[in-house]
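These are the residues of each chain, in order.
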Amino acid sequence: MSQNVYEVGKASQLSRQYGPYVQADWGYANHWYPGVFSDEVAERGVVGITIGGHDIAISRDQNGKAWALSDRCIHKGVKLSLKPMCFADGTITCWYHGYTYNLESGNLDTIVGSPDDKLIDNARTRTYPTEEFAGIIWVFVGDEDYPTPPISTDLPIKVTDKPNAIPHLQDPRIITRGIRRKLYGNWRLAVENGLDPGHLLVHWDNQIIVALDRAMPLGMKALKEDATELLDFEDGPKGVMNRYDLPDNYAPVFENPKVPDIKARGKWMPEIFRVSAWVPATLMVENWPIPDYAQYEFYVPIDDHNHMYFEVIAYWGGTPDQDKEFDMKYEHFFKPLGLLDFNNNDIMAREATEEFYEKRDGWNNEQLSDLDFSVVAWRKHASKYGRGFFESPDFDEE
Ligand code: FES
Ligand SMILES: [Fe+2]
C-alpha cells in the first residue's frame, strides 16, 4: 500500500465520495433494528423506544407475540408507554382518554368512555413489522409504504469458516445475554469506533486484556487495498470486514520505536478474530471476548445526537449445565469486564468525538490517515446500501 491511501488529502473532497453517509445524521430508514430485549416486555406490558425519530410502543399479547405501533396517541399525541394499559387482549389503551388500538392492525377498536363514538373503526394508528429471536424484539422502521425486506438482509452473515464457529443471530440454538443503554453521540461515530483498527490504544490497559493475557496490539496495519473486505451478498446483508485473520491483509503493530514506553500487552490472539460492520448499524466481533463466542453491537439511532447501544454476547445453547455456565460467565466475566469496563472506553471515545462532528463540521475537518482505511470503506459501502434516510420529526425545526 502506498504511504498515502488517500490521493485526495482534503477531508472536504473525500467526504464527497460518501455523501449519502454524511447526510444520514438521523440514521438509515427502511431497515430492521433491535428494539428491546425480549425479557423487557411482559404480556400486556408496554415499552417505549425511539428509532430514527419514530416513537414506538412495543407490547406483547397473551399468546406471547410481540407487536409494535406508534407510541403517539392519535387523539392528543401523548406517549402510550408513559402509563401502560392493556385491558382487552390484543389491544393497547391510551391512559389519558381511553383510545384503544388493535395491536396487529392499529385500528381504533373502541374508546373506553365513549363506546358508540363515530371515530371507532374509522381511524387507526401506525404499526411496525416485528420479529423476535435471539432474545431480541426487532422492528422494521422507515417509510410506511416501504415493502418489508426479510430481516436476514440486515443481519451479519452466518460465518462458515469452521463448523459452529460463531452463533448466527437467526440460528435457533443461539443463546444471548446483553444490555442496552442510551448514549450521547451520533450513531455513525459509534459504528466507526467499533470497526476502527486504529483505536485499540483505548483498550491497552483494560481489565479483560490484563486478565486474559490476550494480545492487544497498538494498532492493526492494513497491508493492501482490500485488507478490509467488502461484503455485498445478493439479497443478503451488506457489510465490511477487517480480515485480521489473513496475515497478508493486516499486521498487528506491537511497538513503535518512537514511543518506547508503551508496548502491546498480552501474548495470544485467537486465530479468527475479525471485526465487521453491517448496514444499517451493526458490529460483529468474532471470537470475542474468548474463542467460540461472538459479541454483537447495535448502534440504533435515536436522533441525530443520541443512540441506543446494544451490547450482546452470543453463544451456542447446549445442555442445562452449559447454559448455566454461560450465565455464570456472563454475570461475572463478560458483563463486568467486557460490556462495562472494556466498552466504557469506547463510549468515552465516541462521546468525546461527537462535539467535533456536531459543532465543528467534523465530516469536512477531520484529517484521516492510513489508520482510517476501513472506516472509509464502511462509509462508502453504507452510502451505497442505506435504503433511505430518517428525518427530524420536529416540524418547526429550521
Ligand atoms: S391523548 Fe390518548 S386518548 Fe386522549
Ligand atoms: Fe473498542
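As the structure is a prediction and not an experimental result, all values here were calculated from the model. (Residues numbered from 1 in each chain as written. Chains lettered and ligands numbered in written order. Predicted model: local features only at pLDDT ≥ 70, side-chain atom pairs only at ≥ 80, totals over all residues.)

## Things to note about the domain arrangement of the chain
Parsing the chain into structural domains produces domain 1 (11-26 + 155-385) and domain 2 (31-131). On a C-alpha basis, the centroid separation for the pair domain 1 and domain 2 is 34 Å. Between domain 1 and domain 2, the residue contacts involve ten residues of the former and eight residues of the latter. If you tally residues by element for the side of domain 1 that touches domain 2, the top one is strand E18 (residues 294-301), at three residues. Its residues assigned to classes, the side of domain 1 that touches domain 2 shows seven nonpolar, one polar and two charged. (Domains from an automatic or database assignment. Contact = placed C-beta atoms within 7 Å. Helix = DSSP H or I, 4+ residues; strand = E, 2+ residues; numbered from the N terminus. Nonpolar A, V, L, I, M, F, W, Y, C, P; charged D, E, K, R; others polar.)

## Focus on the sheet that holds strand E5 (residues 91-93)
Here three strands make up an open sheet; going across it, the order is E5-E6-E7 and the pairing antiparallel. Strand pairing shows two members of the sheet lacking a second neighbour, E5 and strand E7 (108-111), which therefore form its edges. Within this sheet the neighbouring strands show an average axis-to-axis angle of 20 degrees, counted without direction. (Pairing = 2+ DSSP bridges. Axes fitted to C-alpha atoms, helices over the stretch in contact; angles between N-to-C directions.)

## Describing the packing of helix H3 (residues 187-195) against helix H7 (residues 373-385)
Any two packed helices are characterised by how steeply their axes cross, that is the angle between the axes, and by the distance between the axes. Where H3 contacts H7, the axes come no closer than 9 Å and their chain directions differ by 135 degrees. Considering the angle they form, H3 stands oblique to H7. Helix-helix and strand crossings are classified by hand; for H3 and H7 the assignment is right-handed. In this structure, H3 contributes Val191, Glu192 and Leu195 to the contact, and H7 contributes Ser374, Val375 and Trp378. Looking at the contact of H3 with H7, its residues break down into four nonpolar, one polar and one charged. (Parallel < 35°, antiparallel > 145°, perpendicular 65-115°, else oblique. Left-handed = near helix turned anticlockwise from the far one by under 90°.)

## Description of the sheet that holds strand E19 (residues 306-316)
Ordered in space as E11-E19-E18-E17-E16-E14-E13, the seven strands form an open sheet in which the pairing is antiparallel. Taken across any chain shown, the strands that pair with only one partner, and hence form the sheet edges, are strand E11 (174-184) and strand E13 (228-232). Neighbour-to-neighbour, the strand axes of the sheet open up by a mean angle of 15 degrees, direction not taken into account. As judged from the five bridges shared by E13 and strand E14 (residues 238-242), these two strands associate in the antiparallel manner. Across the sheet, Leu231 pairs through a bridge with Gly239, a residue of E14. Most of the contacts of helix H5 (residues 320-359) go to E11, to which it runs at about 25 degrees, and overall it touches E11 and E19.

## Observations concerning the environment of Pro129
Turning to its location among the elements, Pro129 is positioned in the loop between strand E8 (127-128) and strand E9 (130-133). Pro129 sits 33 residues away from Tyr96 along the chain, and the two C-alpha atoms are 26 Å apart.

## Brief notes about H3
Taken across its nine residues, H3 has nine buried, putting it largely inside the fold. Restricting attention to buried positions, one finds in H3 the residues Trp187, Arg188, Leu189, Ala190, Val191, Glu192, Asn193, Gly194 and Leu195. (Buried ≥ 20, exposed ≤ 12 C-beta atoms within 10 Å, placed from the backbone.)

## Some remarks on the nonpolar core
In summary, soluble globular proteins display a tendency toward joint burial of nonpolar side chains. Among the nonpolar cores identified, the biggest contains 88 residues, and Ile58, Val139, Val191 and Val300 are the most heavily contacted of them. Considering every element that reaches this core, the biggest residue donor is E19, with seven residues. When residues are assigned to domains, this core turns out to be shared by domain 1 (11-26 + 155-385) and domain 2 (31-131), each giving three or more. Each residue touching Val191, except ones within four places of it in the same chain, is listed here: Ala277, Ala281, Leu283, Tyr299 and Trp378. (Core = buried A, V, L, I, M, F, W, Y, C linked by C-beta atoms within 7 Å.)

## Some points on the pairing of strand E3 (residues 54-60)
Among the seven residues of E3, six are classified as buried, and the element is accordingly described as predominantly covered. Pairing of strand E2 (residues 46-51) with E3, which is carried by six bridges, proceeds in the antiparallel orientation. Bridge pairing links Ile51 to His54 in E3. Count of turn residues in the E2/E3 antiparallel hairpin: two residues, of which Gly52 carries a positive phi of about 50 degrees. In this structure, E3 lies alongside strand E4 (residues 66-70), joined through five bridges in antiparallel fashion. Looking across to E4, one finds that Ser59 is bridged to Trp67. Counted along the chain from E3 to the antiparallel partner E4, the turn is five residues long, and its residue Gly64 has a positive phi close to 90 degrees.

## Quick look at the packing of H3 against H5
Closest axis-to-axis distance for the H3/H5 pair is 9 Å, and the angle between their directions is 135 degrees. Classified by the angle their axes make, H3 and H5 are oblique. In the packing of H3 onto H5, the handedness of the crossing is right-handed. Contacts from Leu189, Ala190, Asn193 and Gly194 of H3 reach H5 at Asp346, Ala349, Arg350, Thr353, Glu354 and Tyr357.

## Topic: the pairing of strand E17 (residues 282-286)
Counting buried positions over the five residues of E17 gives five, a clear majority of the element. The sheet contact formed by strand E16 (residues 275-278) and E17 spans four bridges and is antiparallel. Paired with Trp278 across the strands is Thr282, a residue of E17. Two strands pair when backbone bridges link them, and E17 and E18 are joined in this way by five bridges, in the antiparallel orientation. From the neighbouring strand, Val285 faces E18, where its bridge partner is Gln295.

## Overview of H5
At Phe334, H5 is deflected by roughly 55 degrees, the largest bend along its length, and proline Pro336 occurs up to four residues later in sequence. Burial in H5 covers these residues: Phe326, Tyr330, Phe334, Gly338, Leu339, Phe342, Asn343, Asp346, Arg350 and Tyr357. Looking one or two residues past H5, Asp361 carries a phi angle of roughly 50 degrees, positive in sign. (Bend = angle between axes of the 7 residues up to and from the residue.)

## Quick word on the confidence of the model for the chain
Chain-level statistics for the chain give a pLDDT mean of 91 and a share of 94% at 70 or above. Note that pLDDT drops below 50 for residues 1-9; the model gives that stretch ten contacts with residues more than four away or on any other chain. (pLDDT = per-residue confidence, 0-100.)

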